Amino acid sequence: MDVKAAQRLQLSAVVQPERFGRRPPFSTCRLGVSREPQSLRVFVSPMMMRRRTTALEVSSSYDNISGMMGSGKTTVGKIMSQVLGYSFCDSDALVEEEVGGNSVADIFEQHGETFFRNKETEVLHKLSLLHRLVISTGGGAVMRPINWKYMHKGVSVWLDVPVEALAQRIAAVGTNSRPLLNYEAGDPYTRAFMRLSAIFEERGEAYANANARVSLKKIAIKLSKRDVSELSPTDIAIEALEQIDNFLKGEGGGYAEC
Ligand SMILES: Nc1ncnc2c1ncn2[C@@H]1O[C@H](COP(=O)(O)OP(=O)(O)O)[C@@H](O)[C@H]1O
Ligand SMILES: O=C(O)C1=C[C@@H](OP(=O)(O)O)[C@@H](O)[C@H](O)C1
């Protein structure tokens, strides 16, 4: 994170902006690290556009981010982990590690989707036993109820990004690493758009199981941006942290939405 972005977050003494320049951007996790006490609390004073300095008290020490492929779970999750001083985990990367370093695309090709999904569930189970983590889950993790059992051990955040924006991002980077997207004909944008629309149709309700929904359309309105493409990952991370804060303050009181 650059210094300017850190300043916008108005980080407290606990998370010093100047530390961002010297530390690696985030620390990654490995499965099997020892547990830390659940009571450990992190106090951050980020925020916000309204120049309000709020103490964000994260009493849950495990946050997971869901959302469609390309929604920015990894990009935004790394920023969140840095702000919170947590480790960052990408569940896809852990599945790859468990399957001997094969890429997700190779795992799909060699073993099939069910094998991948079983490994993903195993990884989410293991991660749910750890603390002080921000986890970027694979986009399809929301489909299995058993995964929600694990994801609800912490606070879950849904990054809700319009399909058009997802398709633009994915068309820019290609579909090679995302096996569910790479077999439609047509130009890269149309291909991604068609597949993502169909997948979102199937999954929309499952994403809504998250504790907090971070809608990029709503953030764009709030920040007077013309379009969600004008939002930076930091804008989105800030909103996600605020939504977590809202959820924790009203815990038991339902869904947090921006
Ligand atoms: N807010 C954003 N604006 C523009 N591009 C973004 C944004 N967030 C992520 N991206 C880009 O979109 C692509 C997918 O992001 P990534 O974080 O890998 O998504 P996910 O982990 O949800 O699949 C990457 O190329 C990333 O640089
Ligand atoms: O949506 C999905 O079903 C998938 C999303 C991918 O993760 P990302 O969302 O990180 O791309 C990866 O887990 C796999 O390709 C399947």
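All values reported here derive from a predicted model rather than from experimental measurement. Residue positions within a chain follow its written sequence, with the count starting from 1. Here every chain gets a letter starting at A, and every ligand a number starting at 1, in the order they are written. Local features in a predicted model are, by the rule used here, given only for residues with pLDDT of at least 70; side-chain atom pairs are given and counted only at 80 or more, and totals for whole chains, interfaces and linings are based on all residues. Note that water and hydrogens are dropped before the side-chain values are worked out from all heavy atoms of the structure.

Moving on to the nonpolar core. Across soluble globular proteins, nonpolar side chains have a tendency to be buried as a group. Residues belong to one nonpolar core when they are buried, are Ala, Val, Leu, Ile, Met, Phe, Trp, Tyr or Cys, and are joined through side-chain atoms within 4.5 Å. Buried means the residue's accessible area, taken with a 1.4 Å probe over protein chains only, is under 20% of the maximum for its type, while exposed means over 50%, and partly exposed covers the values in between. Counting 61 residues, the largest nonpolar core has M80, L127, L196, L231 and I236 as the members making the most contacts within it. Among the elements that make up this core, the one with the highest residue count is helix α11 (residues 233–249) (7 residues). Put simply, DSSP H or I for four residues or longer makes a helix, DSSP E for two residues or longer makes a strand, and each gets a number counted from the N terminus.

The full set close to ligand 1 counts 15 residues, and G70, K73, T74, T75 and R178 are the nearest of them. Throughout this description, a polar contact denotes any pair of N or O atoms lying within 3.5 Å of each other; where both atoms belong to protein, one of them has to be capable of donating a hydrogen while the other can accept it, and for residues adjacent in sequence the pair is counted only when both atoms sit in side chains. In this structure, an oxygen atom belonging to ligand 1 sits 3.2 Å away from a main-chain N or O atom of S71. Contacts to ligand 1 include T74, whose side-chain N or O atom sits 2.6 Å from an oxygen atom. We get accessible surface area from the Shrake-Rupley algorithm with a probe of 1.4 Å; when it comes to residues, only the shown protein chains can shield them. In the complex, 72% of the free accessible area of ligand 1, which totals 560 Å², lies under the protein chains. The criterion for a residue being near a molecule or strand is simple. One of its heavy atoms has to lie within 4 Å of it.

With that settled, consider the site of ligand 2. Neighbouring ligand 2 are 13 residues, the closest being K73, D92, R117, R178 and R203. Take G140: an N or O atom from its main chain is 3.2 Å from an oxygen atom of ligand 2. In the environment of ligand 2, an oxygen atom lies 2.9 Å from a nitrogen or oxygen atom belonging to the side chain of R178. Starting from 380 Å² of accessible surface for ligand 2 in isolation, the protein chains cover 95%.

Below, the discussion takes up the pairing of strand β4 (residues 62–66). Most of β4 sits inside the fold, with 5 of its 5 residues counted as buried. Of the two faces of β4, the one lined by Y62, N64 and S66 and the one lined by D63 and I65 are each fully buried. Strand pairing is defined by DSSP finding a minimum of two bridges between the two strands. Pairing analysis gives 4 bridges linking β4 to strand β6 (residues 133–136), with the strands arranged parallel. Bridge pairing in β6 places I65 opposite S136.

Right, let's get into the packing of aromatic side chains. The rule is short: rings of Phe, Tyr and Trp, with Trp giving its six-membered ring, pair when the centres are within 6.5 Å, and they are stacked under 30 degrees, edge-to-face over 60, tilted in between. Inspection of every chain in the model, using the stated rule, returns 4 aromatic pairs. Here the aromatic rings of F108 and F116 are separated by 5.0 Å at their centres, their planes lie at 45°, and the arrangement is tilted. As far as the burial class goes, F108 and F116 line up, both buried. Both rings, one in F200 and one in Y207, keep their centres 6.5 Å apart while their planes meet at 15°; by these two values the pair is stacked. We classify F200 as partly exposed; its relative accessible area is 29%. Through a chain of ring-to-ring contacts, the aromatic side chains of W158, F200 and Y207 assemble into a single cluster.

Take the environment of F115 next. With respect to the element layout, F115 can be found in helix α6 (residues 113–127). By definition in these notes, contact holds between two residues if any of their heavy atoms fall within 4.5 Å. Apart from residues lying up to four places away in sequence, F115 is in contact with V99 and I107.

Moving on to the side chain of S71. Within the secondary structure layout, S71 lies in the loop between β4 and α3 (73–84). The exposure class of S71 is buried, given its relative accessible area of 3%. A distance of 2.8 Å separates a polar side-chain atom of S71 from the backbone oxygen of M68.

Let's shift gears to the side chain of R117. Structurally, R117 can be placed in helix α6. Look at R117 and you get buried, because its relative accessible area is 11%. A distance of 3.1 Å separates a polar atom in the side chain of R117 from a polar atom in the side chain of E120. Every residue in contact with R117, bar those within four places of it in the chain, is listed here: F108, G140, A141, R144, L180 and R203.

Here we take up the pattern of salt bridges. Salt bridges are defined by distance alone: a side-chain nitrogen of Lys or Arg within 4 Å of a carboxyl oxygen of Asp or Glu. Inspection of every chain in the model, using the stated rule, returns 9 salt bridges. For E242, the salt bridge identified is with K222, shortest N-O distance 3.4 Å. One end of the pair, E242, is in helix α11; the other, K222, is in helix α10 (residues 216–222), with 20 residues separating them in the sequence. Through salt bridges that share partners, E113, R117 and E120 make up one connected network.

Turning our attention to the packing of helix α8 (residues 163–173) against helix α9 (residues 188–207). An axis is simply a line fitted to the C-alpha atoms; with a helix, the fit covers only the stretch in contact. Between two such axes, the angle follows the N-to-C directions and lies from 0 to 180 degrees. One can describe the packing of α8 onto α9 by two numbers: an axis separation of 8 Å at closest approach and a directional angle of 135°. In terms of orientation, α8 lies oblique with respect to α9. When the axes of α8 and α9 are compared, the crossing they make is right-handed. Here V163, E164, L166, A167, Q168, I170 and A171 of α8 come into contact with α9, specifically with P188, Y189, A192, F193, L196, S197 and F200. Should an angle lie under 35 degrees it is considered roughly parallel, over 145 roughly antiparallel, and from 65 to 115 roughly perpendicular; all remaining angles are considered oblique. In this scheme the handedness of a crossing depends on how the near helix is turned from the far one: anticlockwise by less than a right angle means left-handed, clockwise means right-handed.

That is the geometry; function is a separate question.
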